[in-house]
Amino acid sequence: MIPNFYRTHHCNALREEHIGQTVTLAGWVNSARDHGGVIFIDLRDREGMTQVVFRPEEDAEIATRSHELRDEDVVQITGRIEKRLAGTENKNLATGTIEIVAVTLTMLNKADVLPFHLDREMSNEDLRMKYRYLDLRRERMTRNIRTRHKITTAARNYLDTEGFIEVETPILSNPTPEGARDFLVPARMHPAHFYALPQAPQQYKQLLMVAGLERYFQIARCFRDEDLRADRQPEFTQIDIEASFVKQDDIIPLVEGLLASMFKAGQGVDIPLPMPRMTYQDAMDRYGSDKPDTRFGWEITKLDDLFANTGFKIFKNVLEGGGTVRGINCKGFATVTTGQMNRLNELAVQAGLPVKALAFIKLENGEYKSPLWKVFSDDEKKAVTERMDLQEGDVVFFVAGAWEMVTTVLGRTRLEVASMMDLLKDNKALNFLWVVDFPLLAFSAEDQSWVAVHHPFTRPKAEDVALLDAGNYGKVRAEAYDVVLNGYELGGGSIRIHESDLQAKMFSVLGVTPEEQQIKFSHILEAFKFGAPPHGGLALGLDRIAMLVSGETSIREVIAFPKNNKASDLMTDSPTNVDFKQLRELYIQSTFKPKEKEEPKA
Ligand code: ASP
């Protein structure tokens, strides 16, 4: 490293072998302690801490001044390294067997009292966000930011080695059909026109393939105006990848190597490769999710054959109507409380359950507790007990109805119960897997039209194109793949359509009229006519990967300056009002009327 004028070493560099040397350190006063008139401080920089002692017999003047040191003052100290007195070593500190006897003390900047202690976990999120620059001084946060740097660097190096070229694509761009709401930016030079911030660089990266770049990547900032959750932010980062002359079986091992290099850099672990693959159908059938958490069992079990001749009306009607009856056994959940059951019912209804409560059987103290049990015949009871492996302490949930609703509701219930039981608390497994063979299209009841499951540029499987031609849209599978870790989607992508005709057809299926196609997508439809190579790619969610590598549960913990769950930055107070003059330049007038405050009731 280039020498530094402020210091000779960082605060985690000195050990017993340095005893006797004179060194200069610079950093923050982590804590100042007065031991019978002698001041000790832990001097901290981003690398660690070193103890400094100000002995009056060494230098009376600086010993006196050291009494003025306060937490978070920024100082530069020169001193001699000595071994700490026997019994005063600090085993928790890498520098804990030595200390610096100060001979000079330079105050670089005094600090006011901080709004919170840096050495305590903070539950007040708003305060953390308002003073994010202080929050980031805390060891956990510094570690997270550095881990993110390490995995990003590993990704860059890996992709460089594999022949990928990093290209920046525009932030001021056009709406992209990735399925979320766009952020719009008014274009001053084009009144009443707007740029959209990219939801992903999807079309640009495909155009780079038409440009003959062959292998592209970008650590790309993406913007989606969606409701926020623990693993979502309005702006987030993707490792965006595209390559030409590739098939799914080229992309998958490439990305596996990439993820392995990132986890090695961030966590020091070796991920066993290749990762398992599961079809979408299988993932839904077994786990009720297209991002299954396979760290625990409780798989969904089909029970249709057991109830083929049932007298139980509800199941009978469902089966006769082409539906299905399935269940999961949540082992050891007989301890379930009424509150928990209410919560599960609420979630099940949100996930599409058409009735108010989940059907269940609980086996507690040898007794079957369930309204259902009575309506089952003896044969059914026996068969259910066997098939579901129903044992003392278990709760089996049943859902009957259409396949998608049944699997989704059971999948959600499975995860929620696991979380209620803290089932995965100490589970250190890293269960990576690929989900493949996604459907290309899904019918949106809300829009009464077909929508792309990934995005409109995804290629249908060659063997399913006939189904597309025949209008059998729900059956068409895509050349699409998602990579999943412990129930989180880390990324997804596809082999793309590279022919103008097929792309236009796909748009038509999605209800984009030829006129609209000309307005919105003529660039890509035209580009595909000038020699577009077959191509495909994928994007990984960098924030989510950094979160999982760091052992965090929110992506906010691995983003330097995140937004809160109302999409605000409390530190800079963004978003903010703008001047009337600024709006006038953009020909914009606000029609927003704040709600009048209700009069307090008398
Ligand atoms: N652009 C896609 C996304 O953001 C990823 C891809 O298909 O490469 O989800």
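Our subject is the structure listed above.
Residues numbered from 1 in each chain as written. Predicted model: local features only at pLDDT ≥ 70, side-chain atom pairs only at ≥ 80, totals over all residues. Heavy atoms only, no water.

Q: Would you explain the pairing of strand β14 (residues 359-364) in this entry?
A: Consecutive side chains along a regular strand alternate between the two faces of the sheet. In terms of strand pairing, β14 meets strand β16 (residues 395-401) through four bridges, oriented antiparallel. Considered in β16, the bridge of Phe360 is made with Phe397. Of the strand pairs in this sheet, β14 and strand β15 (residues 367-369) are connected by three bridges, and their pairing is antiparallel. Within the sheet, the bridge partner assigned to Glu364 lies in β15 and is Glu367. (Pairing = 2+ DSSP bridges. Helix = DSSP H or I, 4+ residues; strand = E, 2+ residues; numbered from the N terminus.)

Q: Got a minute to help me understand the pattern of salt bridges in this structure?
A: Here the idea is simple: oppositely charged side chains can pair when their charged atoms come close. In total, this model carries 53 salt bridges according to the counting rule given. Note that Arg33 and Asp42 form a salt bridge whose closest N and O atoms lie 3.3 Å from each other. Judged by relative accessible area, which is 11%, Asp42 ranks as buried. Put simply, Glu557 and Arg128 hold a salt bridge, and the shortest N to O gap is 2.7 Å. (Salt bridge = Lys/Arg side-chain N within 4 Å of Asp/Glu carboxyl O. Buried < 20%, exposed > 50% of the residue type's maximum accessible area, 1.4 Å probe, protein only.)

Q: Before we go on, may I ask you to explain the site of the ligand in this structure?
A: Close contacts around the ligand come from Glu178, Ala200, Gln202, Lys205, Arg224, Gln238, His455, Gly492, Gly493, Arg496, Leu538 and Ala539, and that covers them all. Within the side chain of Lys205, an N or O atom sits 2.7 Å from an oxygen atom of the ligand. In the environment of the ligand, an oxygen atom lies 2.7 Å from a nitrogen or oxygen atom belonging to the side chain of Arg496. When contributions to the shell around the ligand are tallied by element, the ones reaching two or more residues are α5 (202-210), β21 (488-495) and β22 (535-541). The residue makeup of the shell around the ligand, split by class, is three nonpolar, five polar and four charged. (Near = heavy atom within 4 Å. Polar contact = N/O pair within 3.5 Å; in protein donor to acceptor, adjacent residues only side chain to side chain. Nonpolar A, V, L, I, M, F, W, Y, C, P; charged D, E, K, R; others polar.)

Q: Where do I start with the environment of Leu105 in this structure?
A: One can find Leu105 in strand β5 (residues 98-109). The class of Leu105 is buried, set by a relative accessible area of 8%. Setting aside its immediate chain neighbours within four residues, Leu105 contacts Phe54, Ile62, Arg65, Ser66, Leu69, Val75, Gln76 and Ile77. (Contact = heavy atoms within 4.5 Å.)

Q: Even after reading the chapter, I still don't get the sheet that holds strand β4 (residues 74-83), so can you show me in this structure?
A: Pairing is mixed around the closed barrel formed by five strands, whose spatial order is β1-β2-β3-β5-β4. With direction set aside, neighbouring strand axes in the sheet form an average angle of 55°. Bridge analysis of strand β2 (residues 38-45) against strand β3 (residues 48-54) gives seven bridges, and the strand direction is antiparallel. From the neighbouring strand, Leu43 faces β3, where its bridge partner is Thr50. (Axes fitted to C-alpha atoms, helices over the stretch in contact; angles between N-to-C directions.)

Q: Can you help me understand the environment of Asp119 in this one?
A: Note that Asp119 resides in the loop between β5 and α2 (125-130). On a C-alpha basis, the gap between Asp119 and Ala187 in space is 46 Å, while along the polypeptide they are 68 residues apart.

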